[in-house]
Amino acid sequence: GAVVSQHPSRVICKSGTSVKIECRSLDFQATTMFWYRQFPKQSLMLMATSNEGSKATYEQGVEKDKFLINHASLTLSTLTVTSAHPEDSSFYICSAEKDQGLSQPQHFGDGTRLSIL
Amino acid sequence: AQSVTQLGSHVSVSEGALVLLRCNYSSSVPPYLFWYVQYPNQGLQLLLKYTTGATLVKGINGFEAEFKKSETSFHLTKPSAHMSDAAEYFCAVRLQGAQKLVFGQGTRLTINP
């Protein structure tokens, strides 16, 4: 299989708090992981591509100082939403590639619903 | 730039009826094509993919899709809908040589008893 675990599944916190979301590939090594944001009833928006051992590549319009990504090992990438505000409330989903090769699918975590009060 | 269009943001069919979810892409070179399903408050699960070879691909849960290069389409079908098929479905493409997936806007499938 290719299982991706995302934690926590839900976070509710006060404005100004920093929140860390973890994305783990449980049964494979992932050199590349992806972070998406999904608004209600909308599609996934790619935020950044996370490469193990190097800096993440952010999509246009995504603040890298706001959304800190760390990919320190082949099985773990983290997304930290710094000083979160209500407009950061959203569903965040990570994915990982099991094998090298662009024909391979991405395997997704179950998402994290972030609610900022 | 490549794009993905899913015709119909909401499709409703009766239980036992044919399911047809449409996906068209715009790319001069055939990309890699994927269909994913998303249940409420969950991530995405791969249904099937097309890379090369046979243009009719079979996936999980009885779904299949056919790549038609001349129509730049990759429509998803299932002969007989089941109540458990109710979910959001996303078509995605990856251009050969590109790392990113580009998603369609999604189609919400509702199954009527």
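Up top you'll find the structure we're talking about.
What counts and what doesn't
Residues numbered from 1 in each chain as written. Chains lettered and ligands numbered in written order. Predicted model: local features only at pLDDT ≥ 70, side-chain atom pairs only at ≥ 80, totals over all residues. Heavy atoms only, no water. Contact = heavy atoms within 4.5 Å. Buried area = accessible area lost by both parts, 1.4 Å probe. Salt bridge = Lys/Arg side-chain N within 4 Å of Asp/Glu carboxyl O. Polar contact = N/O pair within 3.5 Å; in protein donor to acceptor, adjacent residues only side chain to side chain. Helix = DSSP H or I, 4+ residues; strand = E, 2+ residues; numbered from the N terminus. Nonpolar A, V, L, I, M, F, W, Y, C, P; charged D, E, K, R; others polar. Buried < 20%, exposed > 50% of the residue type's maximum accessible area, 1.4 Å probe, protein only. Phe/Tyr/Trp six-rings, centres within 6.5 Å; stacked < 30°, edge-to-face > 60°.

(A) Seen up close, the interface of chain B and chain A. In this assembly, 21 residues from chain B lie in contact with 25 residues from chain A. Of the roughly 1,800 Å² buried between chain B and chain A on both sides combined, carbon and sulfur atoms contribute 53%. Put simply, chain B and chain A have two salt bridges between them. With its nearest N and O atoms 2.3 Å apart, the salt bridge here joins A:Glu97 to B:Arg94. At the boundary of chain B and chain A, one finds seven residue pairs in polar contact (both at pLDDT 80 or more). For the side of chain B that touches chain A, the secondary-structure elements that each account for two or more residues are β5 (32–38), β6 (44–50) and β10 (87–94) of chain B. Element by element, the count of residues in the side of chain B that touches chain A is highest for β5(B), at four residues. Its residues placed into classes, the side of chain B that touches chain A shows nine nonpolar, nine polar and three charged.

(B) Here's a closer look at the environment of B:Lys68. Residue and element names in this part refer to chain B. Take Lys 68: it is sitting in strand β8 (residues 64–68). Judged by its relative accessible area of 33%, Lys 68 is partly exposed. C-alpha of Lys 68 to C-alpha of Leu 56: the two residues are 12 residues apart in sequence and 9.0 Å apart in space.

(C) How the structure looks around the packing of aromatic side chains. Applying the stated rule across the entire model yields 11 aromatic pairs over all chains. Note on A:Phe108 and B:Phe103: the rings are 6.2 Å apart at their centroids and 70 degrees apart in plane angle, and the pair reads as edge-to-face. You can see A:Phe108 sitting in strand β10 (residues 106–108) and its partner B:Phe103 sitting in strand β11 (residues 102–103), one on each of two chains. On the basis of relative accessibility, which here comes to 11%, the residue B:Phe103 falls in the buried class. Through a chain of ring-to-ring contacts, three or more aromatic side chains come together here, namely A:Tyr36, A:Phe108, B:Phe34, B:Tyr36, B:Phe90 and B:Phe103.

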